[in-house]
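Observations on the model geometry
Chain by chain, the residues:
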Amino acid sequence: GGACPLPRGGGRSDAASVTLDDCRCGAGTFGDVSSGDDCLDCPVDTYQPLAGQLSCLPCTPNSVSPGGSTASGDCSCVAGYYGLTHLAAPNGTCDACPAGSSSQQGSTAVSDCFCDAGLFGNPGLGEACASCGATSFSWVSSEYCSCNAGYFGDTERGADCELCPVNSNSTNAQITVEGCFCDAGYYGSFSEGPRNLSTGDNTTVRSGQCTQCPANSFSDANSTSVAGCTCNTGYYGGFGPGDIGECLLCRSLDPNSDTHDLNLTVSERCLCDAGYYGDPHKNDTLSCSGGNCTIIPGCVPCANNTYNPRESQALVSACIPCPSNSRTIWGGHDEVTDCLCDPGTYRSLVMGAIMSCTVCPANTYSSLRGATMPSDCLSCPADSVSSPFSDHLMDCFCRPGFYNSHESPSANVECSPCPVDTFREQQGGVGLETCLPCPRLSNTNGANGSATCGCQTGYYGQVELYSAEDLLMTTPRPLVCSANASNGTNTTNSTNGTDCSAESPLPWSGCVACAAGTYNELWGQISVAACLPCGETGYSASGSDYCFCGANFTGNPAGGIACERCPVNSTSQPDTRDISGCDCVEGFYRLMPGDTCTSCPAGATTNLGALNFSDCFCAVGFFGTNATDCVGCPENQTTSVGNASGPDACACSDGFYTDFPTVNTSICVPCPRNTYNRLVNQNTSLACAACPNNSVSEPGRGVDGCDCVAGLYAADGWDTSPVQCLPCPNGTYRDTVGGRGLLSCLPCPALTTSRGGGATSCTECGAGTYRNFTMGIKDQAACNIALQVSSSSSSSSSSSSSSSSSSSSSSSSSSSSSSSSKSSSS
């Protein structure tokens, strides 16, 4: 046969074993090896002394054993029990310790049991465990009790625990009164005489007491003499050898002193507080030298803007200057944080004795002294700015392009943007008047809140901004005349209006017009390179911002596409870029873009841009069922709209009426002279309204209404409402009737003007006067007095001229009166 297998737990066989069936598990294990099982250790609290067993035996109750135990003796009683577990029953048991006692695991006899904490006795000797009294205690396994803290007594000999004398205490387990010690704030000791126990005399002789420390002093516990009493904080003195035998108040020496270290000697007990320096014991003492005496102060406060964080300092050098940008409000400060950061700063760091005040950044301010957070730096109001270190709201100034619009600008800041086409170059504007108009030929490109102006589109150059003070100069700024100045001199850098009679820009902007045939579509350009050529077929006037083809042409000169005329009988709006934008005129149609426009039959028409013959319809003033048979209305009659189908649609035209029933309804009568009628199909003469003041008309006047007389022009709305005639302004005239719009008033030629409004002609400016244009707008003051050179000779000459002018004026005035009379007569 072979060797038995050695599965977990081990296996063995008898010496004569010859097969696997003869193999079996050893002691302390169990299992059936022949069936292929492992040999397993007996679990805890069991054992097996025999080999070849299929299970393990349990330990005695209240006992335990480790795994793999091989004998009952491996079982031991648990804590609180005792016994011999290897003995056969009934002796092999674990019995509980007596009440109030316990034992260690593995105890075998009752003598191993001991009393629990708080109990005393000897269970091994048959004594029950008894409870200690209220004033005593015991540890585990004690045979007697000991006195609690605050008590004393020889309990081992049966004495009771007594309370320590008044104002004293003790630690645990004190046997005699000598174990008691005085409480804090008291001093003294206790003694106890001997006892003659051999004679049975148990009388104890005790002495001692605890005495309270003198006024303003204190002692630690267990002080045995008055020398253990030390002065309280704020007092000086003592009770030891050489001491003064009392405690006196430091502040009676100096109100700014105290005891800052109880270990100092008596003479040094009072020391100056933090924030002060000096010697309080010398307060109000005299120091005399050479017959001069001065009073020595005790504790001196550190000066304003300094601090001293340490007490007991004798020298002024102990006072430390406040950090940069900080100061104290008064003297005698003891912490660096008593140094308050100045307005316009905030405390950003405190690390021990290190502190720093950080300046509020630009565009913020802080009026707070002693600010401690970045948020104490308040943001300036919207659109205002400030310098770093600003300490007041009024340090915030409206930024360039804005002005302070608050009703109380000296106390508040409320920034509003300068309007479009005005500017403010510097910060701090107060009031709308500080926003100045952009110089001539420049603007802000539609933006408000501008700090500068740029040349308008179609122009280039560096805008020369100006200030309000420039407008008050007694000597005008140099002017630049353009080539169309009336005297033709084109004088540059002129200060005399007569050198530029057609224009006088104030102030000059520096913007130059792009030449005709070029354009600039960008705002604010400074170089002539911004003026781009329109191309050979493009068009632009001087100062244009776009090149385009005119009406009836198509193309894109700016894009390099030449302008070409629309096909015959078609038209286009200006700036049409493709032939598809050419529409057939009214009365014509086409099928496809670019096709020839074909005429509708006689009497028929189309709307602009018709695309089919079916778009033809009978025109206004004609009627018919289709475009091929349109018949005209009778004389002075028309239709209200086109596409009328029968003769009943014909009615009197605008400017005419039928006087039904007194006149034949088929006859249309024209409205009389100086009346008008804008409506068709009117059947009464009341339809003809009288022309308003200063207007006239010919008979039969219709939708065009009445015409203003010479010297006046029709205000906007003349085509829908009764005409309103306004006089042409000074410096303009109109010599014919029918003016419509202000532009119909013609400007007076150079060196002439008109006065009083409503002029039909212009008169020459008198000697010593000139035409003036300000900021590019025609001055309504007509002829201005020219600048004169002061000298006695020119003065007399001027006087003569004036006389002459007066005569001439009188003569001219007579002439004018005469002409006026003739005009009135005629």
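In what follows, the structure referred to is the one given above.
As a starting point, this report considers the structure included with it.

What counts and how
- Residues numbered from 1 in each chain as written.
- Predicted model: local features only at pLDDT ≥ 70, side-chain atom pairs only at ≥ 80, totals over all residues.
- Heavy atoms only, no water.
- Disulfide = S-S within 2.5 Å.
- Helix = DSSP H or I, 4+ residues; strand = E, 2+ residues; numbered from the N terminus.
- Buried < 20%, exposed > 50% of the residue type's maximum accessible area, 1.4 Å probe, protein only.
- Core = buried A, V, L, I, M, F, W, Y, C linked by side-chain atoms within 4.5 Å.
- Contact = heavy atoms within 4.5 Å.
- Phe/Tyr/Trp six-rings, centres within 6.5 Å; stacked < 30°, edge-to-face > 60°.
- Lys NZ or Arg CZ within 6 Å of the ring centre and 35° of its normal.
- Pairing = 2+ DSSP bridges.
- Patch = residues over 30% accessible without salt bridge, like charges linked within 9 Å, V, L, I, M, F, W, Y side chains within 5 Å.
- Areas by Shrake-Rupley, 256 points an atom, 1.4 Å probe, with all protein chains shown as cover.
- Salt bridge = Lys/Arg side-chain N within 4 Å of Asp/Glu carboxyl O.

1. Structural notes on the state of the cysteines
- Counting across every chain of the model gives 37 disulfides.
- Each sulfur of the disulfide joining cysteine 59 and cysteine 75 lies 1.8 Å from the other. Judged by the torsion about the S-S bond (-65°), the cysteine 59/cysteine 75 disulfide is left-handed. With cysteine 59 in the loop between strand E6 (57-58) and strand E7 (63-64) and cysteine 75 in the loop between E7 and strand E8 (76-77), this pair connects stretches of sequence that are 16 residues apart. Assigned by exposure class, cysteine 59 and cysteine 75 land together as buried.
- A sulfur-sulfur separation of 1.8 Å characterises the disulfide bridge that pairs cysteine 132 with cysteine 145. On the sign convention where negative is left-handed, the bridge of cysteine 132 and cysteine 145, at about -90° about the S-S bond, is left-handed. Of this pair, cysteine 132 sits in the loop between strand E14 (130-131) and strand E15 (136-137) while cysteine 145 sits in the loop between E15 and strand E16 (146-147), and the two are 13 residues apart along the sequence. The burial state of cysteine 132 is the same as that of cysteine 145; both residues are buried.

2. What about the nonpolar core?
- Counting residues in each nonpolar core, the largest one holds 11 residues, listed as Phe423, Leu436, Cys438, Leu441, Cys453, Cys455, Tyr459, Val463, Leu465, Tyr466 and Cys511.
- In this structure, cysteine 455 is in contact with Leu441, Ser442, Tyr460, Gly461, Val463, Cys511, Trp523, Gly524 and Gln525, ignoring residues within four places of it in sequence.

3. Section: the packing of aromatic side chains
- All chains considered together, the criterion is met by 4 aromatic pairs.
- A ring pair is formed by tyrosine 589 and phenylalanine 613, whose centres lie 5.9 Å apart and whose planes are at 70°; its orientation type is edge-to-face. Of this pair, tyrosine 589 sits in strand E62 (residues 588-589) while phenylalanine 613 sits in the loop between strand E64 (604-605) and strand E65 (617-618), and the two are 24 residues apart along the sequence.
- Over the aromatic face of tryptophan 718 sits the side chain of arginine 740, whose NZ or CZ is 3.8 Å from the ring centroid.

4. Section: the environment of cysteine 213
- Positionally, cysteine 213 belongs in the loop between strand E24 (211-212) and strand E25 (217-218).
- Residues cysteine 213 and serine 225, 12 residues apart in the sequence, show an inter-C-alpha distance of 9.4 Å.
- For cysteine 213, the contacting residues outside a window of four places in its chain are Gly185, Tyr186, Tyr187, Phe218, Ser219 and Cys229.

5. Considering the sheet that holds strand E48 (residues 429-430)
- In spatial order, the strands read E46-E45-E48; together these 3 strands make up an open sheet with mixed pairing. Strands with a single pairing partner mark the edges of an open sheet, and in this sheet they are strand E46 (415-417) and E48.
- Sheet topology places strand E45 (residues 402-404) next to E48; 2 bridges connect them, and they run parallel. Bridging from a neighbouring strand, tyrosine 403 pairs with glycine 429 of E48.

6. Overview of the environment of alanine 51
- Positionally, alanine 51 belongs in the loop between strand E5 (46-47) and E6.
- Separated by 25 residues in the primary sequence, alanine 51 and glycine 26 have C-alpha atoms spaced 4.2 Å apart.

7. Remarks on the pairing of strand E33 (residues 292-296)
- Here 5 bridges tie strand E32 (residues 285-289) to E33, and the two strands are oriented antiparallel to one another. In the sheet register, leucine 286 faces E33, and the bridge partner there is isoleucine 295.

8. Looking at unusual backbone geometry
- At leucine 441, a position not held by glycine, the phi torsion is positive, near 70°.
- Along the chain, leucine 441 falls in the loop between strand E49 (436-437) and strand E50 (442-443).
- Located in the positive-phi region is asparagine 643, a residue other than glycine, with phi close to 70°.
- Tracing the sequence through the fold places asparagine 643 in the loop between strand E68 (637-639) and strand E69 (650-652).

9. What to know about the pairing of strand E39 (residues 345-351)
- In this sheet, strand E40 (residues 354-359) lies alongside E39 in antiparallel orientation, the contact comprising 6 bridges. When the sheet's bridge partners are listed, arginine 347 is paired in E40 with cysteine 357.
- Count of turn residues in the E39/E40 antiparallel hairpin: 2 residues, of which glycine 352 carries a positive phi of about 65°.

10. A look at a nonpolar patch on the surface
- The grouping of Leu349, Met351 and Ile354 at the surface amounts to a nonpolar patch, some 290 Å² of accessible area in total.
- Among the secondary structure elements, isoleucine 354 is positioned in strand E40.
- Owing to a relative accessible area of 51%, isoleucine 354 belongs among the exposed residues under this scheme.

11. Re the pattern of salt bridges
- On inspection of all chains with the given rule, the structure shows 10 salt bridges.
- Close ionic contact of arginine 251 with aspartate 273 constitutes a salt bridge, the shortest N to O distance being 3.0 Å. Placement of arginine 251 in the loop between strand E28 (246-249) and strand E29 (257-258) and of aspartate 273 in the loop between strand E30 (271-272) and strand E31 (276-278) is noted, with a sequence separation of 22 residues between them.
- Its salt-bridge partner being aspartate 342, residue arginine 369 comes within 3.1 Å of it at the nearest N-O pair. Remark: aspartate 342 occurs in the loop between strand E38 (340-341) and E39 and arginine 369 occurs in the loop between strand E41 (364-365) and strand E42 (378-379); sequence separation between them is 27 residues.
- We classify arginine 369 as partly exposed; its relative accessible area is 36%.

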